[in-house]
Amino acid sequence: MIILGVESTAHTFGVGIVTDKGEVLANAVDSYTSKDVGMIPHEIAEHHNKVAEKVLKQALKEASVSWNDIKFIAYSAGPGLDPALWAGYHLARKWAEDNDKKLVGVNHCAAHLSIGKVWNKLDSPCYLYVSGVNTQIIVYENGKYRVIGETLDIGLGNMLDKFGRVLGLGFPAGAKIEELAKSGKFVKLPYTVKGMDVSFSGILTKVEQLLGKGVSEKDLCFSVQETCFAMLTEVVERAMAHTDKQELLLVGGVGANKRFCEMLNIMCQERGAKFFKVPMDLAGDQGAMIAWEGFLRKDESSDIEVKPHWRTDEV
Ligand code: AMP
Ligand code: MG
């Protein structure tokens, strides 16, 4: 069976094609970027509508399949930005109607977890999901995802992007911050862990103050990374101890950061556990994960349109 997945929750419009074995045949994406202002919701929807046909064509070509080969269409129903979600839903619905295919709405966050799990052939990992909007520690228990720790304010990716905006790095900023951090030194920043939860907004405020006082950009980049990654490493270690998990799986765009992976890997090694991540092309937002999640959920109700605030633990 071959499934086509449509992703549109935030800055990325993607069309992915996978088999029922979790093999990725194509994963075409086109992402909205901007020089300074971050994401403007209606501009993102316009972007998605503009690139949709091109991205679809690219995916079909990459997979060497036609609509006849595709069993059904999965799309990201949420969570995400309202205009972006509606754009993706209407495009997916049009393609479904034009080609007489069933439409299955799936949860974007659950899709990040599922594609990482199938790619690494894992059984039941502790998940660390760190993207633009989301920062959550999740385990699957008794037929349901349980969020056992999360950010109390903004997602780590969004925090890095806001910090990047202050530095004039453009959007998204995570990779540029990682580059600048390589030659930075440590300055103390608020370290906010509350039980199993973390908070990042205080760090952002402090960093802006320190920048005004002349602390260098690279020292701030280094310190932001060390502090935020350490907070998450601490909470994840506690989560793994409590839930008796021997495998950690990092998913989401911030998972591209090498220093972050290194810290989590050291923590896992020290407790005799194993650290897993996903390849770059499956770490961020893309359609292959939506197609695969659609396959896993193909028998569930599909009459959901969009759900902008759909949490992982409501799936
Ligand atoms: P996602 O929402 O999963 O597509 O992830 C996007 C987020 O990942 C954005 O906030 C980026 O700034 C962040 N990101 C991408 N590459 C890196 C990196 N190398 N280090 C830290 N964050 C990154
Ligand atoms: Mg995402």
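Our structure is the block above this text.
Right, let's walk through the structure included here. As the structure is a computational prediction, the values presented were derived from the model and not from experiment.

Rules of the game
Residues numbered from 1 in each chain as written. Chains lettered and ligands numbered in written order. Predicted model: local features only at pLDDT ≥ 70, side-chain atom pairs only at ≥ 80, totals over all residues. Heavy atoms only, no water. Helix = DSSP H or I, 4+ residues; strand = E, 2+ residues; numbered from the N terminus. Rg over C-alpha atoms; globule rule 2.2 N^0.38 Å. Buried < 20%, exposed > 50% of the residue type's maximum accessible area, 1.4 Å probe, protein only. Contact = heavy atoms within 4.5 Å. Lys, Arg positive; Asp, Glu negative; His and termini not counted. Charge placed at Lys NZ, Arg CZ, Asp CG, Glu CD. Pairing = 2+ DSSP bridges. Axes fitted to C-alpha atoms, helices over the stretch in contact; angles between N-to-C directions. Near = heavy atom within 4 Å. Polar contact = N/O pair within 3.5 Å; in protein donor to acceptor, adjacent residues only side chain to side chain. Areas by Shrake-Rupley, 256 points an atom, 1.4 Å probe, with all protein chains shown as cover. Nonpolar A, V, L, I, M, F, W, Y, C, P; charged D, E, K, R; others polar.

## Digging into the overall build of the chain
A tally of helices and strands in the chain yields 10 helices and 12 strands. For the chain, whose C-alpha radius of gyration is 19 Å, the value lies close to the compact-globule estimate of 20 Å for 315 residues. The buried share among the 315 residues of the chain stands at 55%. A separation threshold of at least 6 residues defines the contact pool for the chain, and within that pool the share at least 24 residues apart is 74%. For the chain, the distance from the average position of its 36 positive side-chain charges to the average position of its 41 negative side-chain charges is 3 Å.

## Details of the sheet that holds strand β11 (residues 247-251)
Reading across from one edge, β8-β7-β6-β11-β12 is the order of the 5 strands in this open sheet, with mixed pairing throughout. Each of the sheet's edge strands pairs with one partner strand only, and the pair in question is β8 (144-150) and β12 (274-276). In this sheet, adjacent strand axes meet at a mean angle of 25° when their direction is disregarded. Taken together, the 6 bridges between strand β7 (residues 135-141) and β8 define a ladder with antiparallel strand orientation. Pairing of tyrosine 140 across the sheet is with tyrosine 145, part of β8. Here helix α3 (residues 108-120) sits on the sheet in contact with β6 (126-130), β7, β8, β11 and β12, set at roughly 125° to β11.

## Observations concerning the site of ligand 1
In the region of ligand 1, 18 residues are neighbours, and Gly132, Asp161, Gly174, Glu178 and Gly253 sit closest. Here an oxygen atom of ligand 1 sits 2.8 Å away from a polar atom, N or O, in the main chain of glycine 253. The separation between a nitrogen atom of ligand 1 and a polar side-chain atom of asparagine 257 is 3.0 Å. Contact with the protein chains covers 89% of the free accessible surface of ligand 1, which is 510 Å². Among the elements of the structure, α4 (156-166) and α5 (174-181) are those that each provide at least two residues to the shell around ligand 1. Across the shell around ligand 1, the residue classes tally to 6 nonpolar, 9 polar and 3 charged.

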